[in-house]
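# Overview (structure and organization)
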There are 2 protein chains.
Amino acid sequence: MTSQTADAASARGRGRRPGGVDTRAAIVEAARKSFAAKGYDKSSLRGIAREAGVDPALVHHYFDGKAALFAETMAVPVNPVELIERVLEGGHERLGWRLVETFLTVWEPPESRESLVALVRSATTSEEAARMLREFLGREVFGRLAAAAGAEDAQLRGALAASQMIGVVMARYVVRVPGLAEATRAELVERLGPVLQGYLVDGATRPE
Amino acid sequence: MTSQTADAASARGRGRRPGGVDTRAAIVEAARKSFAAKGYDKSSLRGIAREAGVDPALVHHYFDGKAALFAETMAVPVNPVELIERVLEGGHERLGWRLVETFLTVWEPPESRESLVALVRSATTSEEAARMLREFLGREVFGRLAAAAGAEDAQLRGALAASQMIGVVMARYVVRVPGLAEATRAELVERLGPVLQGYLVDGATRPE
């Protein structure tokens, strides 16, 4: 940690970044842990810097504030571009099933789940985080899916899909509703797949 | 407030409760406001007592701690028994549509919405509140609905319905996902009705 700090500090001072990648990654990792453990509001850049073993000035050097750092940590468990590409391979047919399968696969590892729960927690306690989640989901995830489905009412379709998947996160991982908390991934794909297919694809009126 | 406090205090002292109903209601109302504004964790019985204009000892007299008071406030916007009765009138046919219609009608007034958002916020930041919501939803709302539908897999069906409705609260009122935030109640009933019908009723294998 000490040598990392020295590297990055000297890199910054001299305008080169040999240790920059490691330092940046250490900050993101410390931030991810802090957001997962404390939520958005109670995490501080100072605390994150301490946990990463770097000078607070370095966090400010790499990230434009807590919100920017939070957005960065969001990309760790669920890289939206990769996710969407995976789901859209294979076209409209069974898109809903593939979406549920892909999401659950990405979410099930405890580390990803923690980040996701932290994200939802932040969205409920901070308007800034809610806006970030809104923009993230709208632009990078469900907006793309719905647009790919090509329906005229793509925005509402994407939002309905988002509501079901946010609800699954809440019910399965946060509230732990009996029945849903213990359901297997296969059961959920079977039940939720047709619903997501209905929201995103079925009965769509396409402009072309 | 002062006369109320005096009434209730004397009622307690002498073992009768002429002013008890008003004082109790004042405490519940103050608690509801506090939970809506601050969430569960940051609300205190002392602060609620102050807002209700009563002695903190009176809050402890009527309620067995913050969790019990919180459960009481949950019943204000959505009386589960009344809600379920309304939805179950008319049997299985179009149960899903009636559920969405009833829930949205109950939720739309700003006051109810605030309470609901506070409930969701609490559930994401406090395991105690999450357990309360879990028990509340399981026993009083979706468990009853699914049991009334009489399916063998009633618990999973109820949980899936819960996940979609929690998701609507999150997406429409908390995250305010574009498309869902502005959708009319009629649009949502049309889109969500068949999904809830599918979760709760369609294709059910009934034991009898």
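Note that residues are indexed from 1 along each chain, following the sequence as it is written. Labels follow written order: the first chain is A, the first ligand is 1, and so on. Reporting in this predicted model follows two pLDDT cut-offs: at least 70 for local features of residues, and 80 or more for side-chain atom pairs to be given and counted; totals over whole chains, interfaces and linings ignore these cut-offs and use all residues. The side-chain quantities take in all heavy atoms of the structure and omit both hydrogens and water.

A few words now on unusual backbone geometry. All names here are of chain B. The phi angle at Arg94 is positive, at roughly 60°, despite the residue not being glycine. Only DSSP runs of H or I covering at least 4 residues are called helices, and only runs of E covering at least 2 are called strands; the numbering of each starts at the N terminus. Inspection of the secondary structure puts Arg94 in the loop between helix H6 (80–88) and helix H7 (95–107). Phi at Arg176 is positive, roughly 55°, even though this residue is not glycine. Assessed through its relative accessible area of 37%, Arg176 is described here as partly exposed. Burial status follows relative accessibility: with a 1.4 Å probe on protein chains alone, a residue under 20% of its type maximum counts as buried, one over 50% as exposed, and anything between as partly exposed.

A residue's bend is the angle separating two fitted axes: one through the seven residues that end there, the other through the seven that start there. Most pronounced at Leu192 of chain B, the bend in helix H11 (residues 185–200) of chain B amounts to some 35°, and the proline Pro194 of chain B follows within four residues. Buried within H11 of chain B are the following residues: Leu188, Val189, Leu192, Gly193, Val195, Leu196, Gln197, Tyr199 and Leu200 of chain B.

A few words now on the relation of the copies chain A and chain B. Its rotation angle being 180°, the transformation that places chain A on chain B also includes 0.0 Å of axial translation and leaves an RMSD of 0.1 Å. Put plainly, the chains are arranged around a two-fold axis. Closest to the rotation axis within chain A is the C-alpha of Gly167 of chain A, separated from it by 1.8 Å. By definition, residues are in contact when any of their heavy atoms lie within 4.5 Å. Most of the interface of chain A is mirrored in chain B: 100% of its interface residues are interface residues there too. To superpose the copies, least squares is applied to the C-alpha atoms of every residue with a pLDDT of at least 70 in both.

A few words now on the pattern of salt bridges. All names here are of chain A. Salt bridge, as used here: a side-chain nitrogen of Lys or Arg that lies within 4 Å of a carboxyl oxygen of Asp or Glu. Under the definition given, this model contains 12 salt bridges over all chains. When the shortest N-O distance is used, the salt bridge between Glu101 and Arg185 registers 3.9 Å. Pair noted here: Glu101 is in helix H7 (residues 95–107) and Arg185 is in helix H11 (residues 185–200), with a separation of 84 residues, a long-range link. Residue Glu101 is classed as partly exposed on the basis of its relative accessible area, which comes to 36%. Among the charged side chains, a network of salt bridges with common partners joins Glu108, Arg113 and Arg172.

What follows covers helix H10 (residues 154–174) of chain B. Residues three or four positions apart in an α-helix share a direction because the helix packs 3.6 residues into each turn. All names here are of chain B. The span you would expect from a helix comes to 1.5 Å times its residue count less one. Helix length check: H10 (21 residues) gives 29 Å between terminal C-alpha atoms against 30 Å at 1.5 Å per residue, within 8%. With 20 of 21 residues buried, H10 lies mostly within the body of the structure. Just beyond H10, the residue with positive phi is Arg176, at close to 55°.

On to the confidence of the model for chain A. Summing up the model confidence of chain A, the mean pLDDT is 79 and the portion of residues at 70 or higher is 79%. The predictor attaches a confidence to each residue, and that confidence, scored 0 to 100, is pLDDT. Contacts of residues 1–18 of chain A to residues separated by more than four positions or lying in other chains number 22 contacts, the stretch itself having pLDDT below 50.

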